[in-house]
Amino acid sequence: MAGAAVPTPRFLADVYEAASECNKCSLCQATCPAYVVNPVEWETARGRIALIRDAMEGRLELRDIEDGPLSSCLTCDNCVAACAPRVPTGHIVSRARQELHAQEGYPWAQSFALRSVLPRPGALRALHGFARFTRRTGLYGLARRTGLLSWLGTLGALAEQGGPPPDRTVYQMLGDLPDAAQPVRGTVAMLVCCLSNLTAPEATDATIRVLLASGYDVHVPQLGCSGLPARTLGDRDAMVDMAVKNSAVLSRLDVDAYIGDTASCTEHYREYGSIAGDDRQVGERAREVAHHTALASDFLDRNGVRGDLGPLRWRVTIDEPCALPIDGPERGATRRLLEQIPYLEIVPLHERAMCCGGAGTYFARQPERSEAILQRKFENIRASGAEIVVTENISCLLQLRAGAARYAPNVKVMHIMEVMLASLQGAERRRAVLAG
Ligand code: SF4
Ligand code: SF4
């Protein structure tokens with residue numbers, strides 16, 4: 001008897017087989033942050049995958065599922081941890097968004113941001129200068145009162161969530177850095193995340209200082225965006241262009257490793273090899289960059305933080321970025337580093353790997369859903385009894401800081417490298433006091 005004919009997908013052939021692996025077991029249901037705040041079938045990985053397959057096989061169009069099944073997924077892959085066949089739902093949803101935009105065209109404002117602003121370090125510098133100007137002159141307050149910020153969409157929401165722009169970007173803070181501790185044991189390049197640069201430079205400044213204290217010379221190349229927003233928003237061409245451009249800058253450096261301190265961006269750099277494709281020269285460069293890229297906590301966990309760690313009598317909990325590889329050693333690196341700090345108390349956080357609702361620009365695109373997810377996160381944080389939440393992702397840092405302001409004003413949110421730096425500096429102060 002002949003077997004059933006295997007349908008030929010109309011598009012997205014590269015993810016068709018993976019999408020067909022879903023066995024409909026529903027184990028992913030309880031792990032999906034979008035589903036737990038809106039428990040309907042199309043919110044689950046199973047539901048989204050089934051609908052995308054329907055579109056591939058011609059039973060519906062991608063535009064029919066854009067609003068909801070495609071737009072409300074955080075591409076966080078928390079569902080993958082529960083999924084026996086490891087269906088890569090976040091990747092499949094991202095590819096479906098790319099296909100949808102290829103079919104229907106891109107919103108002009110999004111295209112402008114992804115193709116003309118984010119890839120250019122000069123444009124990002126100008127953006128920081130302009131943001132500072134609007135704050136100084138009161139234009140920011142005016143834009144907020146008149147509704148101009150809301151009209152600006154994602155950009156306006158980012159400006160509101162990021163708060164007042166910092167006085168200096170990461171690049172402008174480089175002049176104050178000490179030399180690497182002797183003996184120097186290597187040279188690394190810092191992958192400065194553009195969101196960190198414009199909204200939380202103190203986190204990246206801390207990362208650089210911990211690397212220097214650990215005996216690494218740190219190069220800080222001028223980079224544009226990693227291309228991650230282009231991936232999540234479905235602009236494949238912009239994503240590939242950014243990967244190719246950054247790989248060209250990075251491969252010219254004579255360094256041992258490329259270090260990121262934003263889990264999602266760093267994971268994206270680690271995919272540069274497959275993003276840049278088969279082109280012999282460009283692909284090879286991108287693969288080299290991807291191969292030598294590591295997240296700061298993982299790099300220091302493997303190589304060791306050098307220097308004395310001073311005591312911190314803090315009660316902290318860890319909100320693990322969902323962008324970390326499900327089975328990778330990166331998952332436990334933050335805890336292993338924190339455990340080295342004397343007197344630091346680490347308390348467990350229920351649903352610690354569940355997305356906080358930040359997810360890049362998700363908080364701006366899906367504000368109500370994002371708020372419901374954030375509220376649930378803070379119910380868990382309050383229940384943990386922690387006074388500090390530690391993370392290693394800048395969009396999580398901003399989202400959690402916004403959540404703390406609303407739901408737990410006594411809770412502070414810190415990047416893991418800010419905690420490590422506080423401990424190193426505490427030990428140094430103690431040494432100075434003892435020395436007289
Ligand atoms: S990627 Fe995240 S939001 Fe999307 S289905 Fe999986 S768990 Fe839910
Ligand atoms: S856990 Fe995996 S296999 Fe099971 S329903 Fe969800 S996506 Fe499908």
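All residue numbers here refer to positions counted from 1 along the written sequence of the relevant chain. Throughout, the order in which chains and ligands are written sets their labels, letters from A for the former and numbers from 1 for the latter. Per-residue local features are limited, in this predicted model, to residues with pLDDT of at least 70; the limit for side-chain atom pairs, both in listing and counting, is 80 or more; totals at the level of whole chains, interfaces and linings are taken over all residues.

(A) Structural view of the overall build of the protein. Along the protein, the regular secondary structure elements total 23 helices and eight strands. Structurally, the protein occupies a C-alpha span of about 85 × 55 × 50 Å along its principal axes. Within the protein, contacts between residues at least 6 apart in sequence are counted, and of these 78% link residues at least 24 apart. A run of DSSP states H or I qualifies as a helix once it reaches four residues; a run of E qualifies as a strand once it reaches two. Both are numbered from the N-terminal end. We call two residues in contact if the C-beta atoms placed from their backbones are at most 7 Å apart.

(B) Structural detail: the sheet that holds strand 7 (residues 388–391). By definition, two strands form a pair when at least two bridges between them are found by DSSP. Ordered by their spatial adjacency, four strands build an open sheet running 6-5-7-8, and the pairing between neighbours is parallel. Lying at the two open borders of the sheet, with one neighbouring strand each, are strand 6 (345–346) and strand 8 (412–415). Where strand 7 and strand 8 come together, four bridges link them in parallel fashion. Within strand 8, the residue paired with Val389 across the bridge is Val413. Axes here mean lines fitted to C-alpha atoms, for a helix over just the part in contact, with angles spanning 0 to 180 degrees between N-to-C directions. Packed on one face of the sheet, helix 19 (residues 330–338) meets strand 5 (315–318), strand 6 and strand 7 and runs near 165 degrees to strand 5. Helix 22 (residues 394–407) rests against strand 7 and strand 8 of the sheet, and its axis sits at about 170 degrees to strand 8.

(C) Focus on unusual backbone geometry. Looking along the chain, the bond that leaves Gln182 and enters Pro183 is cis, with omega of -10 degrees. Here Pro183 lies in the loop between helix 10 (154–162) and strand 1 (186–191). Positive phi, normally seen in glycine, also occurs at Lys24, with a value near 65 degrees. Tracing the chain through its elements places Lys24 in the loop between helix 1 (13–20) and helix 2 (33–37). Backbone-placed C-beta atoms define the burial measure: a residue is buried with 20 or more other C-beta atoms within 10 Å of its own, exposed with 12 or fewer, and partly exposed in between. By C-beta crowding, Lys24 is classed as exposed, having 9 other C-beta atoms within 10 Å.

(D) Representation of helix 22. Helix span is expected to be 1.5 Å times the residue number reduced by one. Here helix 22 spans 19 Å end to end across 14 residues, near enough to the 20 Å set by a 1.5 Å rise per residue. With respect to burial, helix 22 is a largely interior element, ten of its 14 residues being buried. Listing the buried residues of helix 22 in full gives Ile394, Ser395, Cys396, Leu397, Leu398, Gln399, Leu400, Arg401, Ala402 and Gly403.

(E) Main features of the site of ligand 1. Only the C-beta atom matters for nearness: placed from the backbone, it must lie within 6 Å of the molecule or strand for the residue to count as near. By nearness alone, 15 residues border ligand 1, and Cys32, Ala45, Cys73, Cys76 and Cys79 come closest of all. Residue assignment for the shell around ligand 1 shows that the elements contributing at least two residues are helix 2, helix 3 (45–56) and helix 5 (89–104). Think of it as three bins: nonpolar holds Ala, Val, Leu, Ile, Met, Phe, Trp, Tyr, Cys and Pro, charged holds Asp, Glu, Lys and Arg, and polar takes everything else, Gly as well. Its residues placed into classes, the shell around ligand 1 shows eight nonpolar, five polar and two charged.

(F) Broad picture of helix 5. A rise of 1.5 Å per residue sets the reference length of helix 5, with its 16 residues, at 22 Å; its end C-alpha atoms lie 22 Å apart and thus fit the reference within 8%. The inward-facing, buried residues of helix 5 contact helix 1, helix 3, helix 4 (66–70), helix 13 (228–233) and helix 14 (236–251). Two residues or fewer past helix 5, Gly105 is found with a positive phi of approximately 90 degrees.

(G) Expanded view of the environment of Arg46. Inspection of the secondary structure assignment puts Arg46 in helix 3. Since 24 C-beta atoms lie within 10 Å of it, Arg46 is described here as buried. Sequence-wise, Arg46 and Cys25 are 21 residues apart; in three dimensions their C-alpha atoms are separated by 8.3 Å. Residues in contact with Arg46, not counting those within four places in the same chain, are Cys22, Lys24, Ser26 and Cys28.

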